[in-house]
Amino acid sequence: MSRLVLASGSRWRHQLLDRLGIPYTWRSPNIDESAQPGESPSALVHRLALAKAACVAADYPAHLIIGSDQVAVCEGEILGKPGSISAAQAQLARFSQRRVSFLTGLALIDTANNRHWVGHERYDVLFRQLTQTEIAHYVERERPLDCAGSFRMEGLGIALFEKLEGDDPNTLIGLPLIRLCAMLREAGLDPLAASG
């Protein structure tokens with residue numbers, strides 16, 4: 001059995017973690033992802049990433065458990081997954097010619113040694129000017145209803161942008177691999193030497 005556990009059912013996070021070549025298992029956590037009153041975007045993604053990992057920790061007593069969560073922030077407002085076509089179109093219309101920050105929280109729980117790491121990465125997107133027709137076509141083609149920000153960076157979403165700014169483009173997809181590799185090394189699992 002693998003020592004690494006991904007607390008996520010997201011196929012995008014699975015694809016990102018697959019890049020490291022470390023055997024892992026996964027479990028989709030069931031938590032309330034609502035923001036608490038007055039909670040900052042960074043506090044929210046820290047709390048939710050840790051909560052996702054903690055949700056499955058009891059079933060994995062000698063493992064390293066990864067949790068991650070992402071929000072979009074536009075003009076100071078936290079925006080989550082749109083959930084519907086009309087909400088996705090409204091989000092993208094709002095983003096036209098604006099800078100939107102994406103904060104991705106990352107947590108790693110070491111259940112064997114009762115310790116954890118938590119942090120977040122920020123990635124900024126400058127959207128180009130988008131027409132209602134472009135937005136409608138995009139949402140119809142990709143159906144990004146389960147994505148913070150209403151787009152899939154790993155798909156056609158790249159056509160919506162004028163500029164991207166950040167340290168790790170994987171952050172925008174939902175799992176900051178540079179930060180994750182650093183956490184794994186601190187926990188004693190070097191991705192370049194790992195076999196499980």
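Criteria and cut-off values
- Residues numbered from 1 in each chain as written.
- Predicted model: local features only at pLDDT ≥ 70, side-chain atom pairs only at ≥ 80, totals over all residues.
- Heavy atoms only, no water.
- Buried < 20%, exposed > 50% of the residue type's maximum accessible area, 1.4 Å probe, protein only.
- Helix = DSSP H or I, 4+ residues; strand = E, 2+ residues; numbered from the N terminus.
- Pairing = 2+ DSSP bridges.
- UniProt positions renumbered as here; feature names shortened; annotations may be inferred.
- 1 Å grid on protein atoms, 1.4 Å probe; cavity = no way out; pocket = protein on both sides within 12 Å on 5 of 7 lines; lining within 4 Å.
- Contact = heavy atoms within 4.5 Å.
- Polar contact = N/O pair within 3.5 Å; in protein donor to acceptor, adjacent residues only side chain to side chain.
- Core = buried A, V, L, I, M, F, W, Y, C linked by side-chain atoms within 4.5 Å.

Asks: I would appreciate a short explanation of the pairing of strand β5 (residues 99–110) in the present structure.
Replies: If a strand is regular, its side chains alternate between the two faces of the sheet. Across the 12 residues of β5, 11 count as buried, placing the element largely inside the fold. The sheet contact formed by strand β3 (residues 64–74) and β5 spans 10 bridges and is antiparallel. Bridging from a neighbouring strand, V71 pairs with L103 of β5. As paired elements, β5 and strand β6 (residues 115–127) share 12 bridges and run antiparallel to each other. For S101, the partnering residue across the bridge sits in β6 and is D124.

Asks: I'm lost on the pairing of β6 in this one. Help?
Replies: Linkage of β5 to β6, two consecutive antiparallel strands, is achieved through a turn of 4 residues, within which N114 is found at a positive phi near 50°. Across 5 bridges, β6 lies against strand β7 (residues 161–166) in antiparallel orientation. Across the sheet, residue D124 finds its bridge partner in β7, namely E165.

Asks: Help me understand the UniProt feature "site: Important for substrate specificity" (unreviewed entry) in the protein in this model?
Replies: UniProt feature "site: Important for substrate specificity" (unreviewed entry): in the numbering of this structure it lies at W12, Q70 and E154. Of the annotated set, the members that line the largest pocket are W12, Q70 and E154. Note that Q70 resides in strand β3. Judged by relative accessible area, which is 14%, Q70 ranks as buried. Leave out the neighbours within four places in its chain, and Q70 touches R13, V45, F102, L103, T104, A148, T171, L172, I173 and G174. Within the structure, Q70 has its side chain in polar contact with the side chain of T104 (distance 3.0 Å). By the element assignment, E154 lies in the loop between α4 (132–142) and β7.

Asks: Help me understand the nonpolar core in this model?
Replies: One broad rule of soluble globular proteins: the nonpolar side chains tend to lie buried together. Among the nonpolar cores identified, the biggest contains 42 residues, and L4, L17, I66, F127, F151, L180 and L184 are the most heavily contacted of them. In terms of residue count, the dominant contributor to this core is helix α6 (residues 177–186) (5 residues). Once residues within four sequence positions are removed from consideration, I66 is found in contact with L4, V5, L6, A7, L17, A53, L106, A107, L108, L175 and L180.

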